[in-house]
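Architecture and fold: a report
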Amino acid sequence: MTGFVSFVGSGPGDPELLTLKAVDRLQRADAVLFDDLSAGPILEHARAGADLIGVGKRAGRASPRQDHVSRLLVDYAKIDQRVVRLKSGDSGMFGRLEEELTALREAGIPYEIIPGIPSAVAAAAAIGIPLTRRNTARRVQFATGHDVTGKLPGDVNLVALADPMASTAIFMGKRTFPELLEKLLAHGLPADTPAILAEDVSRPEQKITRATVSVLAEKLAQEVGSSAGLILYGPLAEEGDGFEPNQ
Ligand SMILES: C[S@@+](CC[C@H](N)C(=O)[O-])C[C@H]1O[C@@H](n2cnc3c(N)ncnc32)[C@H](O)[C@@H]1O
């Protein structure tokens, strides 16, 4: 069997943020299985004639089941195809990579993982701010705002997420942020902690909104929209210290 799967992190959306290895694997793939957030101009790097298969599962929309995606990977590899599994940002971050790796290991199919730029890292760059601060944010934490059912995870570490000395990035958290914030305030996070909502980072429709955590939660309680968004809060989101947004 010569089938092989490359898990490729596609970065936040701007094709110029793909790695050289990502482009190489796309150009050599017989089949590309991609998520919604990896679609668009990134797919233009795929070889003409390659099978392009959308397997997106954005919140709130019908999508193929995870075991179906794993099955497809195994089936393509078993007929000796070179497969690229394209996931947004870095494949290993909140991308359900473990289920797909398990399926390949069980089927004895070789694979590699090509890292990509995580959207939270791209967001800080797009805003023009450092993720860490020498004196005020020595720790960065990435957390998910929803579990497989779309709800706020019941075991979220509220003490860590309420730490005012950390930079925090919440992925997939627009819907649940009002509920999360209520719990964080009860754990001591100040209501006027600076926050940034970074939407569609690195794409033409990118939008950066500065607020406090409480103002942001109020806005999101009224309207979440359909864009991919990250909530950044803590010292990294402070204004007036020389780190102003790029736009
Ligand atoms: C399934 S997770 C995948 C995360 C991805 N593996 C990463 O490293 O960024 C999808 C979430 O990532 C965030 N995300 C991905 N791309 C984004 C972008 N271009 N702008 C803002 N947020 C993005 C959003 O929170 C979105 O709901």
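Residues numbered from 1 in each chain as written. Predicted model: local features only at pLDDT ≥ 70, side-chain atom pairs only at ≥ 80, totals over all residues. Heavy atoms only, no water.

In the nomenclature of an unreviewed UniProt entry, the protein is known as uroporphyrinogen-III C-methyltransferase of Sulfitobacter undariae. The annotation that UniProt attaches to the protein under Sequence similarities (unreviewed entry) is "Belongs to the precorrin methyltransferase family." Its UniProt record, at the heading Pathway (unreviewed entry), says of the protein: "Porphyrin-containing compound metabolism; siroheme biosynthesis; precorrin-2 from uroporphyrinogen III: step 1/1." (UniProt positions renumbered as here; feature names shortened; annotations may be inferred.)

1. Topic: the site of the ligand
Close contacts around the ligand come from 18 residues, with P12, S88, M93, S119 and G229 the closest. S119 has a polar side-chain atom sitting 2.6 Å from an oxygen atom of the ligand. Take G229: an N or O atom from its main chain is 2.7 Å from an oxygen atom of the ligand. Here the residues of the shell around the ligand sort into eleven nonpolar, four polar and three charged. Split by domain, the shell around the ligand shows at least three residues from each of two domains, domain 1 (4-114) and domain 2 (119-237). (Near = heavy atom within 4 Å. Polar contact = N/O pair within 3.5 Å; in protein donor to acceptor, adjacent residues only side chain to side chain. Nonpolar A, V, L, I, M, F, W, Y, C, P; charged D, E, K, R; others polar. Domains from an automatic or database assignment.)

2. Things to note about the sheet that holds strand 9 (residues 207-212)
The sheet built from five strands is open, its strands ordered 6-7-10-8-9 with mixed pairing. The open sheet has two free edges, formed respectively by strand 6 (139-144) and strand 9, since each of these has just one partner strand. Taken pair by pair, the neighbouring strands of this sheet meet at an average axis angle of 20°, ignoring direction. As paired strands, strand 6 and strand 7 (residues 166-171) are joined by six bridges and run parallel to one another. For Q141, the partnering residue across the bridge sits in strand 7 and is T168. Sheet strands touched by helix 4 (residues 119-127): strand 6, strand 7, strand 8 (194-199), strand 9 and strand 10 (229-233). Its angle to strand 10, the strand with the most contacts, is close to 70°. Taken strand by strand, helix 7 (residues 213-222) contacts strand 8, strand 9 and strand 10, and its axis lies near 120° from that of strand 9. (Pairing = 2+ DSSP bridges. Helix = DSSP H or I, 4+ residues; strand = E, 2+ residues; numbered from the N terminus. Axes fitted to C-alpha atoms, helices over the stretch in contact; angles between N-to-C directions. Contact = heavy atoms within 4.5 Å.)

3. Overview of the nonpolar core
Counting 21 residues, the largest nonpolar core has L161, F177, L180, L184, I231 and Y233 as the members making the most contacts within it. In this structure, L180 is in contact with L152, V156, L158, L161 and I170, ignoring residues within four places of it in sequence. (Core = buried A, V, L, I, M, F, W, Y, C linked by side-chain atoms within 4.5 Å. Buried < 20%, exposed > 50% of the residue type's maximum accessible area, 1.4 Å probe, protein only.)

4. A closer look at the sheet that holds strand 3 (residues 51-54)
Here five strands make up an open sheet; going across it, the order is 3-2-4-1-5 and the pairing parallel. Two strands close off the open sheet at either side, each with one partner strand: strand 3 and strand 5 (111-114). Mean inter-strand twist for the sheet, computed between neighbouring axes without regard to direction, equals 15°. In this sheet, strand 5 lies alongside strand 1 (residues 4-9) in parallel orientation, the contact comprising four bridges.

5. Concerning the layout of surface pockets
Taken as a whole, the second largest pocket encloses approximately 180 Å³ of empty space. Of all elements in the fold, only strand 8, strand 9 and helix 7 reach the threshold of two or more residues within the lining of the second largest pocket. (1 Å grid on protein atoms, 1.4 Å probe; cavity = no way out; pocket = protein on both sides within 12 Å on 5 of 7 lines; lining within 4 Å. Points joined across faces, edges and corners; volume = space filled by probe spheres on them.)

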